[in-house]
Amino acid sequence: MSAVYDTRRESIALSIVVPIFNEEEALPVLAARLRPILDGCGEPYEVLAVDDGSTDRTAPLLEDLRTVWPQLRIVALRRNSGHQAALTAGLHRALGAYVISIDADLQDPPEIIPDMLALARADGLDIVYGVRVDRSTDTGFKRRTAAAYYWLMRRLAGSFVPAQAGDFRLLSRPVVETLKTLPDQQQIYRLLIPWLGFPGGQITYQRGERVAGTTKYPLHKMILLAWDSVTSFSAAPLRLATAIGAFSLVVCLAFLTWTLIVYATGSTLPGWTSLITTVLFFGAVQLFCLGMLGEYVARIYTAVQARPTYCVARDTDEEQR
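Residues numbered from 1 in each chain as written. Predicted model: local features only at pLDDT ≥ 70, side-chain atom pairs only at ≥ 80, totals over all residues. Heavy atoms only, no water.

Draft legend 1. Quick peek at empty space enclosed by the protein. This model, assessed by the stated rule, comprises one cavity of 30 Å³ or more. Computed from the structure, the largest cavity encloses a volume of approximately 70 Å³. Elements with a minimum of two residues in the lining of the largest cavity: β1 (14-20), α2 (27-41), β2 (45-51) and α3 (58-68). At four residues, the largest contribution of residues to the lining of the largest cavity is made by α2. Class assignment of the residues belonging to the lining of the largest cavity gives a composition of twelve nonpolar, no polar and no charged. (1 Å grid on protein atoms, 1.4 Å probe; cavity = no way out; pocket = protein on both sides within 12 Å on 5 of 7 lines; lining within 4 Å. Points joined across faces, edges and corners; volume = space filled by probe spheres on them. Helix = DSSP H or I, 4+ residues; strand = E, 2+ residues; numbered from the N terminus. Nonpolar A, V, L, I, M, F, W, Y, C, P; charged D, E, K, R; others polar.)

Draft legend 2. The nonpolar core, seen in detail. Formed by 34 residues in total, the largest nonpolar core has its most connected members in Ile16, Leu38 and Val47. Tallying contributions element by element places α2 first for this core, with five residues. With residues up to four places along the chain from it excluded, the contact list for leucine 38 reads Leu14, Ile16, Tyr45, Val47, Trp69 and Ile113. Grouped together as the second largest cluster of nonpolar side chains are 25 residues, Ala85, Leu87, Val99 and Val131 included. (Core = buried A, V, L, I, M, F, W, Y, C linked by side-chain atoms within 4.5 Å. Buried < 20%, exposed > 50% of the residue type's maximum accessible area, 1.4 Å probe, protein only. Contact = heavy atoms within 4.5 Å.)

Draft legend 3. A look at the pattern of salt bridges. For the structure on display, the rule yields 13 salt bridges. Its salt-bridge partner being glutamate 111, residue arginine 33 comes within 2.9 Å of it at the nearest N-O pair. With arginine 33 in helix α2 and glutamate 111 in the loop between β4 (98-101) and α5 (113-123), this residue pair connects regions lying 78 residues apart in the sequence. Exposure remark for glutamate 111: the relative accessible area of 39% places this residue in the partly exposed category. For the salt bridge of arginine 73 with glutamate 46, the shortest nitrogen-to-oxygen distance reads 3.1 Å. A residue pair is termed long-range when its members are at least 10 positions apart, and arginine 73 in strand β3 (residues 72-77) and glutamate 46 in strand β2 qualify at 27 residues. Here arginine 73 and glutamate 46 have matching classes, each one buried. (Salt bridge = Lys/Arg side-chain N within 4 Å of Asp/Glu carboxyl O.)

Printed below as a string of C-alpha coordinates:
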(Lines give C-alpha, C1' and ligand atoms only; values in the text may rest on other atoms or scores of the structure.)
Protein backbone atom coordinates (compact mmCIF):
# COMPACT_ATOMS: atom_id res chain seq x y z
CA MET A 1 0.00 0.00 0.00
CA SER A 2 2.89 2.39 0.72
CA ALA A 3 4.22 1.83 -2.81
CA VAL A 4 0.81 2.67 -4.24
CA TYR A 5 0.70 5.79 -2.06
CA ASP A 6 4.17 6.92 -3.19
CA THR A 7 3.20 6.44 -6.83
CA ARG A 8 0.04 8.49 -6.30
CA ARG A 9 2.05 11.22 -4.57
CA GLU A 10 4.43 11.52 -7.52
CA SER A 11 1.56 11.56 -10.04
CA ILE A 12 -0.33 14.55 -8.59
CA ALA A 13 0.59 17.73 -10.42
CA LEU A 14 -1.68 20.17 -8.62
CA SER A 15 -3.11 20.44 -5.11
CA ILE A 16 -5.81 22.97 -4.23
CA VAL A 17 -6.00 23.85 -0.52
CA VAL A 18 -9.32 25.32 0.65
CA PRO A 19 -9.64 26.32 4.34
CA ILE A 20 -13.32 26.03 5.26
CA PHE A 21 -15.24 27.18 8.33
CA ASN A 22 -19.05 27.16 8.35
CA GLU A 23 -19.44 27.48 4.58
CA GLU A 24 -22.46 25.25 4.00
CA GLU A 25 -24.05 27.80 1.67
CA ALA A 26 -20.91 28.36 -0.40
CA LEU A 27 -19.84 24.73 -0.84
CA PRO A 28 -22.20 23.81 -3.72
CA VAL A 29 -21.17 26.94 -5.64
CA LEU A 30 -17.50 26.27 -4.91
CA ALA A 31 -17.71 22.74 -6.30
CA ALA A 32 -19.74 23.85 -9.34
CA ARG A 33 -17.12 26.46 -10.31
CA LEU A 34 -13.90 24.80 -9.20
CA ARG A 35 -14.31 21.25 -10.52
CA PRO A 36 -14.85 22.07 -14.24
CA ILE A 37 -11.77 24.32 -14.18
CA LEU A 38 -9.56 21.64 -12.64
CA ASP A 39 -10.95 18.89 -14.87
CA GLY A 40 -10.24 21.10 -17.87
CA CYS A 41 -6.58 21.54 -16.92
CA GLY A 42 -5.87 17.97 -17.93
CA GLU A 43 -3.61 17.52 -14.89
CA PRO A 44 -3.83 14.96 -12.07
CA TYR A 45 -5.04 16.96 -9.11
CA GLU A 46 -6.47 16.83 -5.60
CA VAL A 47 -8.60 19.30 -3.64
CA LEU A 48 -7.88 19.46 0.08
CA ALA A 49 -10.95 20.78 1.88
CA VAL A 50 -9.66 21.64 5.37
CA ASP A 51 -12.68 21.70 7.68
CA ASP A 52 -11.64 24.07 10.47
CA GLY A 53 -14.02 22.75 13.12
CA SER A 54 -17.23 23.80 11.36
CA THR A 55 -20.41 23.68 13.44
CA ASP A 56 -22.96 23.85 10.61
CA ARG A 57 -23.63 21.29 7.85
CA THR A 58 -20.24 21.76 6.21
CA ALA A 59 -18.94 18.31 7.23
CA PRO A 60 -21.85 16.22 5.83
CA LEU A 61 -21.94 18.35 2.68
CA LEU A 62 -18.25 17.64 2.10
CA GLU A 63 -18.94 13.92 2.52
CA ASP A 64 -21.73 14.13 -0.06
CA LEU A 65 -19.44 15.96 -2.50
CA ARG A 66 -16.73 13.38 -2.03
CA THR A 67 -19.00 10.59 -3.24
CA VAL A 68 -19.27 12.25 -6.66
CA TRP A 69 -15.90 14.00 -6.77
CA PRO A 70 -13.09 11.45 -6.29
CA GLN A 71 -10.36 14.10 -6.28
CA LEU A 72 -11.86 15.75 -3.19
CA ARG A 73 -9.91 15.06 -0.02
CA ILE A 74 -11.25 16.03 3.41
CA VAL A 75 -8.91 17.08 6.21
CA ALA A 76 -10.96 17.64 9.35
CA LEU A 77 -9.43 19.52 12.31
CA ARG A 78 -10.52 18.63 15.83
CA ARG A 79 -11.45 22.21 16.70
CA ASN A 80 -11.56 25.65 15.16
CA SER A 81 -7.90 26.66 14.96
CA GLY A 82 -8.11 29.72 12.73
CA HIS A 83 -7.68 30.44 9.05
CA GLN A 84 -3.86 30.46 9.00
CA ALA A 85 -3.68 27.21 11.00
CA ALA A 86 -6.14 25.51 8.63
CA LEU A 87 -4.08 26.78 5.70
CA THR A 88 -0.97 25.33 7.34
CA ALA A 89 -2.64 21.96 7.74
CA GLY A 90 -3.53 21.91 4.06
CA LEU A 91 -0.10 23.01 2.85
CA HIS A 92 1.69 20.47 5.02
CA ARG A 93 -0.46 17.60 3.72
CA ALA A 94 -0.72 18.57 0.06
CA LEU A 95 0.91 16.14 -2.37
CA GLY A 96 1.04 18.11 -5.60
CA ALA A 97 4.09 19.46 -7.42
CA TYR A 98 2.28 22.79 -7.26
CA VAL A 99 -0.03 23.89 -4.45
CA ILE A 100 -2.63 26.64 -4.78
CA SER A 101 -4.53 28.03 -1.79
CA ILE A 102 -7.93 29.67 -2.23
CA ASP A 103 -10.78 30.63 0.08
CA ALA A 104 -14.20 29.00 -0.13
CA ASP A 105 -16.08 32.28 -0.54
CA LEU A 106 -14.89 32.60 -4.18
CA GLN A 107 -14.02 36.26 -3.89
CA ASP A 108 -10.79 35.16 -5.53
CA PRO A 109 -11.72 33.69 -8.93
CA PRO A 110 -10.69 30.04 -9.50
CA GLU A 111 -10.88 30.71 -13.25
CA ILE A 112 -7.31 32.09 -13.21
CA ILE A 113 -5.83 28.91 -11.71
CA PRO A 114 -4.78 27.58 -15.17
CA ASP A 115 -3.10 30.93 -15.85
CA MET A 116 -1.17 30.74 -12.58
CA LEU A 117 0.02 27.24 -13.39
CA ALA A 118 0.99 28.20 -16.94
CA LEU A 119 2.94 31.26 -15.76
CA ALA A 120 4.84 29.26 -13.15
CA ARG A 121 5.90 26.68 -15.72
CA ALA A 122 6.66 29.11 -18.53
CA ASP A 123 8.86 31.42 -16.42
CA GLY A 124 10.21 28.84 -13.98
CA LEU A 125 8.58 30.54 -10.99
CA ASP A 126 8.18 29.03 -7.54
CA ILE A 127 5.50 31.49 -6.43
CA VAL A 128 2.66 33.16 -8.31
CA TYR A 129 0.69 35.73 -6.32
CA GLY A 130 -2.92 36.60 -7.04
CA VAL A 131 -3.00 40.40 -6.79
CA ARG A 132 -6.29 42.29 -6.42
CA VAL A 133 -6.23 45.34 -8.66
CA ASP A 134 -9.95 46.05 -8.30
CA ARG A 135 -11.68 45.76 -4.92
CA SER A 136 -14.79 47.72 -5.82
CA THR A 137 -16.99 44.89 -4.50
CA ASP A 138 -15.59 45.44 -0.99
CA THR A 139 -16.93 48.12 1.31
CA GLY A 140 -15.11 51.43 1.54
CA PHE A 141 -14.03 50.57 5.09
CA LYS A 142 -12.62 47.22 3.95
CA ARG A 143 -10.67 48.83 1.11
CA ARG A 144 -9.18 51.50 3.37
CA THR A 145 -8.20 49.09 6.12
CA ALA A 146 -6.67 46.68 3.59
CA ALA A 147 -4.67 49.49 2.01
CA ALA A 148 -3.46 50.59 5.46
CA TYR A 149 -2.46 47.01 6.31
CA TYR A 150 -0.33 46.52 3.21
CA TRP A 151 1.16 50.01 3.55
CA LEU A 152 2.20 49.25 7.12
CA MET A 153 3.53 45.77 6.33
CA ARG A 154 5.66 47.00 3.43
CA ARG A 155 7.29 49.57 5.70
CA LEU A 156 7.80 47.37 8.73
CA ALA A 157 8.53 43.98 7.16
CA GLY A 158 10.03 45.17 3.85
CA SER A 159 9.18 46.17 0.31
CA PHE A 160 9.29 42.50 -0.73
CA VAL A 161 5.69 42.14 0.50
CA PRO A 162 3.38 42.32 -2.56
CA ALA A 163 0.67 44.93 -2.18
CA GLN A 164 -2.92 43.59 -2.27
CA ALA A 165 -1.81 39.95 -2.38
CA GLY A 166 -3.81 37.77 0.01
CA ASP A 167 -3.79 34.01 0.48
CA PHE A 168 -4.66 33.18 -3.14
CA ARG A 169 -1.30 32.02 -4.50
CA LEU A 170 0.57 29.21 -6.18
CA LEU A 171 3.56 27.55 -4.51
CA SER A 172 5.98 25.04 -5.95
CA ARG A 173 6.96 21.89 -4.08
CA PRO A 174 10.34 23.36 -2.95
CA VAL A 175 8.52 26.32 -1.35
CA VAL A 176 6.08 24.02 0.45
CA GLU A 177 8.88 21.81 1.73
CA THR A 178 10.74 24.87 2.99
CA LEU A 179 7.63 26.11 4.82
CA LYS A 180 7.29 22.74 6.51
CA THR A 181 10.76 23.08 8.05
CA LEU A 182 10.15 26.50 9.60
CA PRO A 183 9.58 26.54 13.37
CA ASP A 184 7.23 29.55 13.44
CA GLN A 185 4.25 28.95 15.72
CA GLN A 186 2.11 31.59 14.04
CA GLN A 187 2.83 31.59 10.33
CA ILE A 188 1.58 34.72 8.56
CA TYR A 189 1.93 33.51 4.98
CA ARG A 190 1.32 36.93 3.42
CA LEU A 191 4.66 37.98 4.88
CA LEU A 192 6.48 34.69 5.37
CA ILE A 193 6.30 33.45 1.78
CA PRO A 194 7.70 36.63 0.16
CA TRP A 195 10.41 36.69 2.85
CA LEU A 196 11.74 33.30 1.65
CA GLY A 197 13.04 34.93 -1.52
CA PHE A 198 11.92 32.35 -4.09
CA PRO A 199 11.38 33.73 -7.61
CA GLY A 200 7.81 34.89 -7.99
CA GLY A 201 5.37 36.51 -10.37
CA GLN A 202 1.92 38.04 -10.23
CA ILE A 203 -1.44 37.64 -11.90
CA THR A 204 -3.94 40.42 -11.38
CA TYR A 205 -7.69 40.04 -11.08
CA GLN A 206 -10.86 41.76 -9.95
CA ARG A 207 -12.02 40.70 -6.52
CA GLY A 208 -15.58 39.39 -6.58
CA GLU A 209 -18.35 39.37 -4.05
CA ARG A 210 -18.78 36.58 -1.53
CA VAL A 211 -20.99 33.93 -3.15
CA ALA A 212 -22.87 33.06 0.05
CA GLY A 213 -22.73 33.23 3.81
CA THR A 214 -21.04 35.85 5.94
CA THR A 215 -17.43 36.94 6.25
CA LYS A 216 -15.20 34.96 8.57
CA TYR A 217 -12.88 37.95 9.02
CA PRO A 218 -14.77 40.54 11.11
CA LEU A 219 -13.04 43.65 12.40
CA HIS A 220 -11.53 42.08 15.52
CA LYS A 221 -9.91 39.30 13.46
CA MET A 222 -8.55 41.84 10.99
CA ILE A 223 -6.99 43.75 13.88
CA LEU A 224 -5.55 40.52 15.32
CA LEU A 225 -4.07 39.59 11.93
CA ALA A 226 -2.44 43.01 11.65
CA TRP A 227 -1.05 42.77 15.18
CA ASP A 228 0.29 39.24 14.60
CA SER A 229 1.85 40.41 11.34
CA VAL A 230 3.63 43.31 13.02
CA THR A 231 4.92 41.40 16.04
CA SER A 232 5.95 38.35 13.98
CA PHE A 233 8.02 40.24 11.44
CA SER A 234 9.24 43.39 13.13
CA ALA A 235 10.71 44.63 16.38
CA ALA A 236 9.27 48.07 15.64
CA PRO A 237 6.83 47.98 18.61
CA LEU A 238 9.75 47.40 20.99
CA ARG A 239 11.65 50.25 19.38
CA LEU A 240 8.54 52.38 19.71
CA ALA A 241 8.40 51.59 23.42
CA THR A 242 12.06 52.60 23.71
CA ALA A 243 11.39 55.85 21.86
CA ILE A 244 8.42 56.63 24.09
CA GLY A 245 10.57 55.92 27.14
CA ALA A 246 13.25 58.29 25.85
CA PHE A 247 10.64 60.97 25.14
CA SER A 248 9.22 60.51 28.63
CA LEU A 249 12.70 60.98 30.10
CA VAL A 250 13.10 64.26 28.23
CA VAL A 251 9.70 65.46 29.43
CA CYS A 252 10.57 64.43 32.99
CA LEU A 253 13.88 66.32 32.91
CA ALA A 254 12.16 69.40 31.51
CA PHE A 255 9.50 69.23 34.20
CA LEU A 256 12.20 68.79 36.87
CA THR A 257 14.07 71.84 35.55
CA TRP A 258 10.89 73.91 35.59
CA THR A 259 10.15 72.76 39.14
CA LEU A 260 13.61 73.78 40.37
CA ILE A 261 13.31 77.21 38.71
CA VAL A 262 9.91 77.81 40.28
CA TYR A 263 11.23 76.73 43.68
CA ALA A 264 14.31 78.98 43.39
CA THR A 265 12.22 82.03 42.56
CA GLY A 266 9.88 81.38 45.45
CA SER A 267 6.84 81.11 43.17
CA THR A 268 5.71 77.67 44.26
CA LEU A 269 1.98 77.08 44.39
CA PRO A 270 -0.11 74.07 45.34
CA GLY A 271 0.36 71.72 42.38
CA TRP A 272 -2.18 68.93 42.78
CA THR A 273 -3.32 69.03 39.14
CA SER A 274 0.20 69.00 37.69
CA LEU A 275 1.22 66.22 40.08
CA ILE A 276 -1.70 63.97 39.19
CA THR A 277 -1.22 64.65 35.48
CA THR A 278 2.46 63.76 35.67
CA VAL A 279 1.85 60.59 37.66
CA LEU A 280 -0.89 59.41 35.29
CA PHE A 281 1.20 60.19 32.20
CA PHE A 282 4.29 58.31 33.31
CA GLY A 283 2.21 55.48 34.75
CA ALA A 284 0.49 55.05 31.39
CA VAL A 285 3.83 55.11 29.56
CA GLN A 286 5.29 52.45 31.84
CA LEU A 287 2.26 50.19 31.48
CA PHE A 288 2.32 50.60 27.71
CA CYS A 289 6.00 49.66 27.50
CA LEU A 290 5.53 46.71 29.86
CA GLY A 291 2.56 45.52 27.82
CA MET A 292 4.56 45.71 24.60
CA LEU A 293 7.41 43.78 26.17
CA GLY A 294 4.94 41.27 27.59
CA GLU A 295 3.53 40.59 24.12
CA TYR A 296 6.93 39.51 22.86
CA VAL A 297 7.61 37.48 26.02
CA ALA A 298 4.28 35.70 25.47
CA ARG A 299 5.36 34.80 21.95
CA ILE A 300 8.63 33.41 23.27
CA TYR A 301 6.64 31.40 25.82
CA THR A 302 4.39 30.02 23.09
CA ALA A 303 7.38 29.09 20.95
CA VAL A 304 9.07 27.30 23.87
CA GLN A 305 5.91 25.26 24.50
CA ALA A 306 6.06 24.10 20.86
CA ARG A 307 2.41 23.06 20.84
CA PRO A 308 0.92 22.32 17.41
CA THR A 309 -1.28 25.06 15.98
CA TYR A 310 -3.80 22.46 14.81
CA CYS A 311 -4.78 18.83 15.45
CA VAL A 312 -6.09 16.70 12.60
CA ALA A 313 -9.01 14.45 13.46
CA ARG A 314 -9.34 12.84 10.05
CA ASP A 315 -7.71 12.77 6.63
CA THR A 316 -9.61 10.78 4.02
CA ASP A 317 -6.37 10.24 2.10
CA GLU A 318 -4.90 8.28 5.00
CA GLU A 319 -8.03 6.11 5.15
CA GLN A 320 -7.30 4.94 1.61
CA ARG A 321 -3.75 3.74 2.28
